Amino acid sequence: MTTDSRKESIPIVITDDSPDTSGGNSKFPSRKQSMKPAGGMGRRKSIMKLSGTTALAGRRLTKALLDLPEEQSSIANKPKVRMENTYKMAPDEDTTFIPWKVRNAVLDIFKEHLSSVSYDNKTAGKQCCDLAQMIRNRVRNMDFPRYKIICNVIIGQCSEQGLEVASRCLWDDKFDNYTCIEYKNHSLFAIAMVHAHTNWDMGQILRRHLESENGVDNDGAVANRFPDLAKLPPEISMAILSHLDATDLCLAACVWNNLANDEVLWMGLCKASWGYTSIYRYINNPVKLSYRRLYLLLDEASLTFNGNPFEGEEYLFKRGIMDNNALDMAKFLHFTNKIKPDKKREYLDRRRDVLDHLLQLQNFQNQFLPNALRKLFCNISAPNNRGEYLSEMIDKFSDRFCHCNPKLGLDKDTVFVLCFSLIMLSVDLSSPAVKNKMSKREFIKNTRRAARSVDDDLAGDLYDNIYLIGHVATDSLR
């Protein structure tokens, strides 16, 4: 009797070389159990080549032993369905962003988490992040599809100060929207700005870019390109180019050479960055020097001055940009923001004549004394030590402050004493090394002892200003 080996099923039996310790109720074979064909194949044979119905029987037996449902194996074999992209990036009309609904939800969050919280500058940053995340999650659950939610939270201390918050972004008037929520308790204020942007902005930009390349818009009309400035009236072209800085103006000169190199534009750039130079008086007569060339020279001089003040001074003198006198140098330093304050202080430490003229150019009219000191140390960096230079600077400042405020009723010596009292109080209140801070009563007592013409109200106001606003000088004096 002959049989076909391809259709023959080889029975699989489970053998056990060790006694069964599970009580005969075990569903699975033990570690020493093995599967082998009844024909005597070695029990440690781990790879068996089965074919036909034999392989099918083996798979079914394996599934039965592992107690796996047969339909699970077919799930992995099913092909993944790929959905066609709808290219819809704008929201439907009934699912647009609703500002008043978001505003009420944000107010509920503020009342829940900030009603009894006092302001603490150490934890305010973390509170902003946590509140922004909570607001963002709440707005996401309001079912505004196809919107990207951006939330900014600001927390500050209530101390009767002014605050302006501004933001700008790419905006679509038809779908994008925002809301701003303010909250205040006994100690702090919180401002939340929630912006809802559709995700189609970049698609719109790309579409308009392609349309401009093709020269048509959606209606088939010619697309609006950036106009050629050479074809516009000169007044309009100059007004457009006047908003560019020096770098952008040089790039514009690659396209509109005559317009971008106009003397009026470069004169505006020069005088906006360097309000005074000696060469302004005779740049056209007898010296023929373009303002574009002058801008490059002044920029190089400022970089040199910020590296070494006296090399920068020599550069200005050799090129004829500045006259070698103290008043002109004081005007040059006063009317520019291109010079670093510490380099200006290093220069003035050796040029006391320039310092004298520079302080005479300052205007401290109707300014509170601590604020006037801050303005001084902002323009001229404070020295690294309290030596002769600081004393001379405060002495000249006191004279100028009294000249600007003649009705204040304070003489030069009193202002001089008050300035050093404010500097010492600033160090005392801001230094972490000072454990026992000076109290308001102690400051008033010490000030009245040093300057008898100062009343208690003025001394108290001076203390409050330093306590609330901070140091009058820069970090170098601390």
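Residues numbered from 1 in each chain as written. Predicted model: local features only at pLDDT ≥ 70, side-chain atom pairs only at ≥ 80, totals over all residues. Heavy atoms only, no water.

- Looking at an unreviewed UniProt entry, one finds the protein chain named F-box only protein 8 and attributed to Magallana gigas.
- Quoted verbatim from the Sequence similarities (unreviewed entry) field of UniProt, the annotation for the protein chain is "Belongs to the dynein light chain Tctex-type family." (UniProt positions renumbered as here; feature names shortened; annotations may be inferred.)

Quick notes on the overall build of the protein chain
Right, on to step 1. Assigned secondary structure in the protein chain consists of 19 helices and 5 strands.
Right, on to step 2. With 478 residues in all, the protein chain has 35% of them scored as buried.
Right, on to step 3. The contacts of the protein chain with a sequence gap of at least 6 include a subset with a gap of at least 24, amounting to 64%.
Right, on to step 4. Surface accessibility of the protein chain: about 30,800 Å² in total, with carbon and sulfur atoms responsible for 51%. (Helix = DSSP H or I, 4+ residues; strand = E, 2+ residues; numbered from the N terminus. Buried < 20%, exposed > 50% of the residue type's maximum accessible area, 1.4 Å probe, protein only. Contact = heavy atoms within 4.5 Å. Areas by Shrake-Rupley, 256 points an atom, 1.4 Å probe, with all protein chains shown as cover.)

Some points on the pairing of strand 5 (residues 188-198)
Right, on to step 1. Across the 11 residues of strand 5, 11 count as buried, placing the element largely inside the fold.
Right, on to step 2. In strand 5, alternate side chains face the same way, and those of Leu188, Ala190, Ala192, Val194, Ala196 and Thr198 on one face and Phe189, Ile191, Met193, His195 and His197 on the other are all buried.
Right, on to step 3. Summarising the sheet, strand 3 (residues 147-157) and strand 5 pair through 11 bridges and their orientation is antiparallel. Directly across from Lys148, in strand 5, lies its bridge partner His197. (Pairing = 2+ DSSP bridges.)

Some remarks on the packing of aromatic side chains
Right, on to step 1. Summed over the entire model, instances satisfying the criterion amount to 12 aromatic pairs.
Right, on to step 2. Taking the centre distance of 5.7 Å and the plane angle of 65° together, the rings of Trp266 and Tyr295 count as edge-to-face. Highlighted residues: Trp266 in helix 9 (residues 263-273) and Tyr295 in helix 10 (residues 291-307), separated in sequence by 29 residues. Taken as a pair, Trp266 and Tyr295 share a single burial class, namely buried.
Right, on to step 3. An aromatic cluster of three or more residues is present, and its members are Phe97, Phe144 and Tyr147. (Phe/Tyr/Trp six-rings, centres within 6.5 Å; stacked < 30°, edge-to-face > 60°.)

Brief notes about the pairing of strand 4 (residues 177-184)
Right, on to step 1. Here strand 4 pairs with strand 5 via 8 bridges, running antiparallel. Looking at strand 5, one finds that Glu182 is bridged to Ile191.
Right, on to step 2. Counted between consecutive antiparallel strands, the loop separating strand 4 from strand 5 contains 3 residues.

Details of the sheet that holds strand 4
Right, on to step 1. Read across the sheet, 3 strands follow the order 3-5-4 without closing on themselves; strand pairing throughout is antiparallel. Of all the strands in the sheet, the pair left with one neighbour each is strand 3 and strand 4. Taken over all neighbouring pairs, the strand axes of this sheet differ in orientation by 10° on average, direction set aside.
Right, on to step 2. Packed onto the sheet, helix 3 (residues 99-114) meets strand 4 and strand 5 and runs at close to 30° relative to strand 4.
Right, on to step 3. Against the sheet, helix 4 (residues 124-140) makes contact with strand 3 and strand 5, and its axis sits at roughly 150° relative to strand 3, the strand it touches most. (Axes fitted to C-alpha atoms, helices over the stretch in contact; angles between N-to-C directions.)

So, the environment of Asp395
Right, on to step 1. By secondary structure assignment, the location of Asp395 is in helix 16 (residues 388-404).
Right, on to step 2. Of the residues examined, Asp395 reaches a relative accessible area of 31% and is grouped as partly exposed.
Right, on to step 3. Spatially, the C-alpha atoms of Asp395 and Val417 are 9.7 Å apart, while their sequence positions differ by 22 residues.
Right, on to step 4. For Asp395, the contacting residues outside a window of four places in its chain are Lys412 and Phe416.

Side note on the nonpolar core
Right, on to step 1. Leu294, Leu348, Leu369, Leu373, Phe377 and Phe397 are the most contacted members of the largest nonpolar core, which has 76 residues in total.
Right, on to step 2. Ranked by residue count, the leading element in this core is helix 16, at 8 residues.
Right, on to step 3. With 29 residues, the next largest nonpolar core counts Phe97, Val106, Leu114 and Val139 among its residues. (Core = buried A, V, L, I, M, F, W, Y, C linked by side-chain atoms within 4.5 Å.)

Structural notes on helix 14 (residues 352-360)
Right, on to step 1. Taken residue by residue, helix 14 has Val354, Leu355, Leu358 and Leu359 as its buried positions. Angular distribution of buried residues about the axis of helix 14 spans 130°; they occupy a single face of the element.
Right, on to step 2. For helix 14, the elements touching its buried residues are helix 12 (326-334), helix 13 (341-350), helix 15 (369-379) and helix 16. (Arc of directions from axis to C-beta.)

Considerations on the pattern of salt bridges
Right, on to step 1. Applying the stated criterion across every chain, the model contains 13 salt bridges.
Right, on to step 2. Arg281 is the partner of Asp328 in a salt bridge, and the nearest nitrogen-oxygen pair spans 3.7 Å. In this pair, Asp328 is assigned in helix 12 and Arg281 in the loop between helix 9 and helix 10, connecting sequence segments 47 residues apart.
Right, on to step 3. Salt-bridge contacts for Lys412 lead to Asp395; the nearest nitrogen and oxygen are separated by 3.3 Å. Of this pair, Lys412 sits in helix 17 (residues 412-430) while Asp395 sits in helix 16, placing them 17 residues apart in sequence.
Right, on to step 4. Judged by relative accessible area, which is 29%, Lys412 ranks as partly exposed.
Right, on to step 5. Each of Asp349, Arg352, Glu392 and Lys396 takes part in a single network of salt bridges with overlapping partners. (Salt bridge = Lys/Arg side-chain N within 4 Å of Asp/Glu carboxyl O.)

Brief notes about the packing of helix 3 against helix 4
What describes two packed helices is the angle between their axes and the distance between those same axes.
Right, on to step 1. Between helix 3 and helix 4, the least distance of the axes is 10 Å, while the angle of their chain directions is 140°. Here helix 3 and helix 4 pass one another in a crossing that is right-handed. Mapping the contact onto sequence places Val102, Ala105, Val106, Ile109, Phe110, His113 and Leu114 in helix 3 and Leu131, Met134, Ile135, Arg138 and Val139 in helix 4.
Right, on to step 2. Residues belonging to the contact of helix 3 with helix 4 are distributed by class as follows: 10 nonpolar, 1 polar and 1 charged. (Left-handed = near helix turned anticlockwise from the far one by under 90°. Nonpolar A, V, L, I, M, F, W, Y, C, P; charged D, E, K, R; others polar.)

A few points about the environment of Asp349
Right, on to step 1. Relative to the helices and strands, Asp349 is located in helix 13.
Right, on to step 2. Asp349 gets classed as partly exposed once you look at its relative accessible area, which sits at 35%.
Right, on to step 3. Counting along the chain gives 41 residues from Asp349 to Leu390, while the straight-line C-alpha distance between them is 9.3 Å.

Considering unusual backbone geometry
Right, on to step 1. The phi dihedral of Asn366 is positive, around 60°, even though this residue is not glycine.
Right, on to step 2. Relative to the assigned elements, Asn366 resides in the loop between helix 14 and helix 15.
Right, on to step 3. According to the relative accessible area criterion, Asn366 is exposed, its value standing at 69%.

Considerations on the environment of Asp262
Right, on to step 1. Mapping Asp262 onto the fold places it in the loop between helix 8 (257-260) and helix 9.
Right, on to step 2. Sequence separation between Asp262 and Ser290 is 28 residues; the distance between their C-alpha atoms is 9.4 Å.
Right, on to step 3. Here Val264 takes part through its backbone nitrogen, which lies 2.9 Å from a polar atom of the side chain of Asp262. (Polar contact = N/O pair within 3.5 Å; in protein donor to acceptor, adjacent residues only side chain to side chain.)

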